[in-house]
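So you can see what is in the structure, the chains are spelled out below.
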Amino acid sequence: MRLSRIIMALTVGMAVLAAPTAAGAAQPQPAPGTGTPQPPIYPPGVGPATLAVSPTTVVVGQTATLIGTGWADFETVVITVSTSPLAAAVPGAEQARRSTGETIAMAPVSFQQAPQPNPRTIVVTADGNGEFRTTYTPRHPGTYTFRAEGQTSRQVATATLIVLKKHAPPLPVTGDSLSTPMKFGGGLVGAGAVLLLLSLVWRKRHRFGMGAAR
């Protein structure tokens, strides 16, 4: 009986001593001499992955370029596209005011032709250096978020694109558009000159008639 108690006590003590060791092994090991966890180790030729968009702000119908680096060689990268309305402070966003005085952003609506939906998924393949380039043309304004995920390395990177509303260009000023006002103004000047001459003739005749009557 006493021997079984001693064995049980030894077993419990060994379990208590082993618990901190197991917990420490589960934590990231610090870099030698630094005390901080080491960064993740990527396979050769991989990471860290990045995704950039150029330019970062465009208007509807303008093409932007998505640029990826740091992916696995020749791996397939799936880019998911999500959109949200423009913030009210962004130029080109429509605004509306509620009865409470609050200003909110409104998505533009066309009653002539509904905008075509943008593709929600883009699939690209990285080259031998883990890089890729692809283009994207938005069809309606908003904030576009691109989320790229490597199908081999499982790395994830994101980028954001601001798309503004396309305003109609001002009408060009041509020679024909200027000639009509100039002709109209010239006619008014000519008519005024004729009236002035007629007034002078009338005054001269009126004075001559009054002198003869005297």
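You'll find the structure just up there.
Residue positions are given per chain, counted from 1 along the sequence in the order it is written. Owing to the predicted nature of the model, reporting of local features is limited to residues with pLDDT of at least 70; listing and counting of side-chain atom pairs is limited to 80 or more, with chain, interface and lining totals taken over all residues. Excluding hydrogens and water, the side-chain values take into account all heavy atoms of the structure.

(A) Focus on the nonpolar core. Nonpolar cores were defined as sets of buried Ala, Val, Leu, Ile, Met, Phe, Trp, Tyr and Cys residues, with membership established by side-chain atoms within 4.5 Å. Note on exposure labels: buried denotes an accessible area under 20% of the residue type's maximum, exposed denotes more than 50%, and partly exposed covers the range between, all computed with a 1.4 Å probe on protein chains only. Judged by nonpolar contacts, the single largest core of 23 residues is most densely connected at Leu51, Trp71, Ile79, Phe146 and Leu161. Broken down by secondary-structure element, the contributors of at least two residues to this core are strand 1 (50-54), strand 3 (64-69), strand 4 (76-84), strand 7 (121-125), strand 8 (132-136), strand 9 (142-150) and strand 10 (156-164). Strands are runs of DSSP state E lasting at least two residues, helices are runs of H or I lasting at least four, and both sets are numbered from the N terminus onward. With four residues, the top contributor of residues to this core is strand 10. Should any heavy atoms of two residues lie within 4.5 Å, those residues are counted as being in contact. Other than its neighbours up to four places away in sequence, Leu51 contacts Leu66, Ile67, Phe132, Phe146, Ala148, Ala157, Thr158 and Ala159.

(B) Looking closely at the packing of aromatic side chains. A pair of Phe, Tyr and Trp rings is counted when the ring centres sit within 6.5 Å of each other, with Trp represented by its six-membered ring. The angle between the planes then sorts it: under 30 degrees is stacked, over 60 is edge-to-face, the rest tilted. All chains considered together, the criterion is met by three aromatic pairs. Where Trp71 meets Phe132, the ring centres are 6.2 Å apart and the plane angle is 45°; that geometry is what we call tilted. Residue Trp71 is located in the loop between strand 3 and strand 4, and its partner Phe132 is located in strand 8; the two are separated by 61 residues in the primary sequence. Assessed through its relative accessible area of 5%, Phe132 is described here as buried. Ring centres of Tyr136 and Tyr144 lie 5.9 Å apart, and the angle between their planes is 65°; on these two criteria the pair is classed as edge-to-face. Taken as a pair, Tyr136 and Tyr144 share a single burial class, namely buried. An aromatic cluster of three or more residues is present, and its members are Tyr136, Tyr144 and Phe146.

(C) Representation of the side chain of Thr143. Its place among the elements puts Thr143 in strand 9. We classify Thr143 as buried; its relative accessible area is 17%. Not counting residues up to four positions away in its chain, the partners in contact with Thr143 are Ser82, Thr83, Ser84, Pro85, Leu86, Thr160, Leu161 and Ile162.

(D) Region of the structure containing the environment of Asp73. Inspection of the secondary structure puts Asp73 in the loop between strand 3 and strand 4. When its relative accessible area of 38% is taken as the criterion, Asp73 is described as partly exposed.

(E) Examining the pattern of salt bridges more closely. One speaks of a salt bridge when a side-chain nitrogen belonging to Lys or Arg is within 4 Å of a carboxyl oxygen belonging to Asp or Glu. Under the criterion given, the structure shown has two salt bridges. With a closest N to O distance of 3.3 Å, Arg147 and Glu149 form a salt bridge. Look at Glu149 and you get partly exposed, because its relative accessible area is 23%. Across the pair Arg154 and Glu149 runs a salt bridge, and its minimum N-O distance is 3.3 Å. Where salt bridges share partners, they join Arg147, Glu149 and Arg154 into one cluster.

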